[in-house]
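Here's the letter readout for the chains.
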Amino acid sequence: MATIAQWAEGARLRTLPLAIAPVLIGTGAAFGAIGGFSSLIIGSVDPADRPELGIGTLLFRALLAVIVSLGLQIGSNFANDYSDGIRGTDDVRVGPQRLTASGAVPPGAVKRAAFISFGVAALAGIVLVLVSQSWWFVPVGILAVLAAWFYTGGGHPYGYYALGEVFVFIFFGLVATLGTTYVMIQQLPPAAWAGAVAIGLFSCAVLMVNNLRDIPTDSEAGKTTLAVLLGDQRARAAYTLLVAVPYLLLLVPILSGHPAAVLAALSLVLAIGPLQTVLSGSQGTALIPPIKNTGLTALTYSALLALGLAL
């Protein structure tokens, strides 16, 4: 029987900052679009005919959005563990052992864990749709679950055809960020778009360095990730670009009336370490720390950007 620690490893806790980060940005953009946090406190943007702009209501919707995002991320991780495990892709790994491939947990149990996680996300999503009356999020949510499952599941998983970054950018960048902002204020300001693209690129950077580490084993297993397609050197260059562009995107909120968004630039200090490791040509287990550290950089960037926008 697997231990709690093994289940936690299977959930891939180091990826969870990437589920929280877009909700932070989306929430910050929502607050910023209606006058900032201070305006909510003094009540100047909470007139009697718009009770949905009360601070308690907005924070409740943000909490639901976090649960949806975490549920999808954890479900996607378990689904990936199950599908790669039964295919034999994870039989030889450089990184941490997976639940299915290691035999620590029966494949069916890992599959159930994936769908339980998706169920939690769906339940929170339904509540969010009901309180925000954003009914068009129902099909978006269904698409998100399908995309999470078929990343490595099904007969033709798109993650095996260099399309993983597309899913990550769309759902953990654009959908998660813009969806959060929209269910809170029914608007999509420029700052939200810039933040959505930025965190989508950061998420792709984490996937890129993860797949850079796995190029030898993925190639042997017939899994064609974007890193495999690009090759070692170009994958490292792509990672650098994915980390750098979010800082250039800070110009959008700064020039659109949110000068405090420059706070997010402070997170660049955290990006230097993983960038140096990746550009040094490190291989194998030496690329494990940059995966976690890139995720922490993304979370810090998002928290500081959210703060800057909310101010």
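Our structure is the block above this text.
**Student:** Give me the lowdown on the overall build of the chain, citing residues and values where you can.
**Tutor:** What the chain contains, in helices and strands, is 15 helices and 0 strands. At 19 Å, the chain has a C-alpha radius of gyration in line with the 19 Å of a compact globule built from 311 residues. Dimensions of the chain along its principal axes, counting C-alpha atoms only, are 60 × 40 × 30 Å. Expressed as a percentage of the 311 residues in the chain, the buried residues total 52%. Pairs at least 24 apart in sequence give 77% of the contacts found in the chain among residues at least 6 apart.

**Student:** An account of empty space enclosed by the protein is needed here, citing residue identities and associated values.
**Tutor:** Counting across every chain of the model gives 2 cavities of 30 Å³ or more. The volume enclosed by the second largest cavity comes to roughly 30 Å³. Mapped onto the lining of the second largest cavity, the elements with two or more residues apiece are helix H9 (190-213) and helix H15 (288-310). With 4 residues, the top contributor of residues to the lining of the second largest cavity is H9. Class assignment of the residues belonging to the lining of the second largest cavity gives a composition of 8 nonpolar, 1 polar and no charged.

**Student:** Lay out the environment of Pro-190 with the relevant residues and their values.
**Tutor:** Positionally, Pro-190 belongs in helix H9. Note on Pro-190: relative accessible area 48%, which makes it partly exposed. Put simply, Pro-190 and Ser-256 are 66 residues apart on the chain and 7.4 Å apart in space, counted from C-alpha to C-alpha.

**Student:** Go over the nonpolar core, please, and point to the residues and values.
**Tutor:** Formed by 80 residues in total, the largest nonpolar core has its most connected members in Phe-167, Tyr-239, Tyr-301 and Leu-305. The biggest single contributor to this core is H9, with 14 residues. Once residues within four sequence positions are removed from consideration, Leu-305 is found in contact with Ile-25, Gly-195, Leu-250, Pro-253, Ala-261 and Ala-264.

**Student:** Report on the side chain of Arg-12, specifying residues and quantitative values.
**Tutor:** Take Arg-12: it is sitting in the loop between helix H1 (4-11) and helix H2 (17-33). The buried charged residue Arg-12 lacks any salt bridge, with Asp-81 as its nearest oppositely charged partner at 4.7 Å. Within polar-contact distance, the side chain of Arg-12 engages the side chain of Asn-80 at 2.7 Å. The residues contacting Arg-12, other than those within four sequence positions of it, are Asn-77, Asn-80, Asp-81 and Arg-98.

**Student:** Tell me about helix H12 (residues 232-248), and name the residues and values.
**Tutor:** Its 17 residues place the ends of H12 25 Å apart at the C-alpha level, agreeing with the 24 Å of an ideal helix rising 1.5 Å per residue. Elements in contact with the buried residues of H12: H9, helix H11 (226-230), helix H14 (268-279) and H15.

**Student:** Could you give me a rundown of the packing of aromatic side chains, with the residues and numbers involved?
**Tutor:** Describing an aromatic ring pair means giving the distance of the ring centres and the angle of the ring planes. Here the structure, examined in full by the defined rule, presents 15 aromatic pairs. Centre to centre, the rings of Phe-115 and Trp-149 are 5.0 Å apart; their planes meet at 45°, and the pair counts as tilted. Of this pair, Phe-115 sits in helix H6 (residues 107-132) while Trp-149 sits in helix H7 (residues 137-149); the two residues are 34 residues apart in sequence, bridging distant segments of the chain. Among the residues examined, Trp-149 registers a relative accessible area of 13% and is labelled buried. With a centroid separation of 6.4 Å and 50° between ring planes, the pair formed by Phe-137 and Tyr-182 is classed as tilted. Of the two residues, Phe-137 sits in helix H7 while Tyr-182 sits in helix H8 (residues 164-185), which places them 45 residues apart along the sequence.

**Student:** Break down unusual backbone geometry for me, with residues and values.
**Tutor:** One non-glycine residue with positive phi stands out, namely Arg-12, at about 55°. Look at Arg-12 and you get buried, because its relative accessible area is 9%. Residues other than glycine seldom take positive phi values, yet Ala-162 does so here, at roughly 60°. Positionally, Ala-162 belongs in the loop between H7 and H8.

**Student:** Tell me what's going on with the pattern of salt bridges, and back it up with residues and numbers.
**Tutor:** Across all of its chains, the model carries 4 salt bridges by this definition. Residue Glu-9 is joined to Arg-14 by a salt bridge in which the shortest nitrogen-to-oxygen separation is 3.6 Å. Residue class for Glu-9 comes out partly exposed when judged on its relative accessible area of 32%. With a closest N to O distance of 3.2 Å, Lys-223 and Asp-84 form a salt bridge. Residue Lys-223 is found in the loop between helix H10 (215-221) and H11, and its partner Asp-84 is found in helix H4 (residues 55-87); the two are separated by 139 residues along the sequence. Here the two residues Lys-223 and Asp-84 agree in accessibility, since each one is buried.

Definitions and cut-offs
- Sequence order sets the numbering: in each chain, residues are counted from 1 along the sequence as written.
- The predicted nature of this model means local features are confined to residues of pLDDT at least 70 and side-chain atom pairs, given and counted, to a pLDDT of 80 or more, with totals for whole chains, interfaces and linings taken over all residues.
- To get the side-chain values, take all heavy atoms of the structure and skip hydrogens and water.
- Each helix is a run of DSSP H or I of at least 4 residues and each strand a run of E of at least 2, with the numbering of both proceeding from the N terminus.
- Our radius of gyration looks at C-alpha atoms and nothing else; its globule reference is 2.2 Å times the residue count to the power 0.38.
- Buried means the residue's accessible area, taken with a 1.4 Å probe over protein chains only, is under 20% of the maximum for its type, while exposed means over 50%, and partly exposed covers the values in between.
- Contact definition: two residues touch when any of their heavy atoms are within 4.5 Å.
- Cavity: a set of points on a 1 Å grid over the protein atoms alone where a 1.4 Å probe fits but cannot get out. Pocket: an open set with protein on both sides within 12 Å along at least five of seven lines, its lining residues, like those of a cavity, having an atom within 4 Å of a point.
- Grid points are joined across faces, edges and corners, and a volume is the space filled by probe spheres set on the points.
- Classification used: nonpolar for Ala, Val, Leu, Ile, Met, Phe, Trp, Tyr, Cys and Pro, charged for Asp, Glu, Lys and Arg, polar for all others including Gly.
- Nonpolar cores are built from buried Ala, Val, Leu, Ile, Met, Phe, Trp, Tyr and Cys residues. Side-chain atoms within 4.5 Å join them into one set.
- His is not counted here, nor are the chain ends, while Lys and Arg score as positive and Asp and Glu score as negative.
- Here a salt bridge means any side-chain nitrogen of Lys or Arg lying within 4 Å of a carboxyl oxygen belonging to Asp or Glu.
- Think of a polar contact as two N or O atoms within 3.5 Å of one another; within protein, one of them needs to be a possible hydrogen donor and the other a possible acceptor, and neighboring residues in sequence only count if both atoms come from side chains.
- How far a helix is expected to stretch is found by multiplying one less than its residue total by 1.5 Å.
- Working definition: rings of Phe, Tyr and Trp (its six-membered ring) pair if their centres are within 6.5 Å, and the pair is stacked with planes under 30 degrees apart, edge-to-face with planes over 60 apart, and tilted otherwise.

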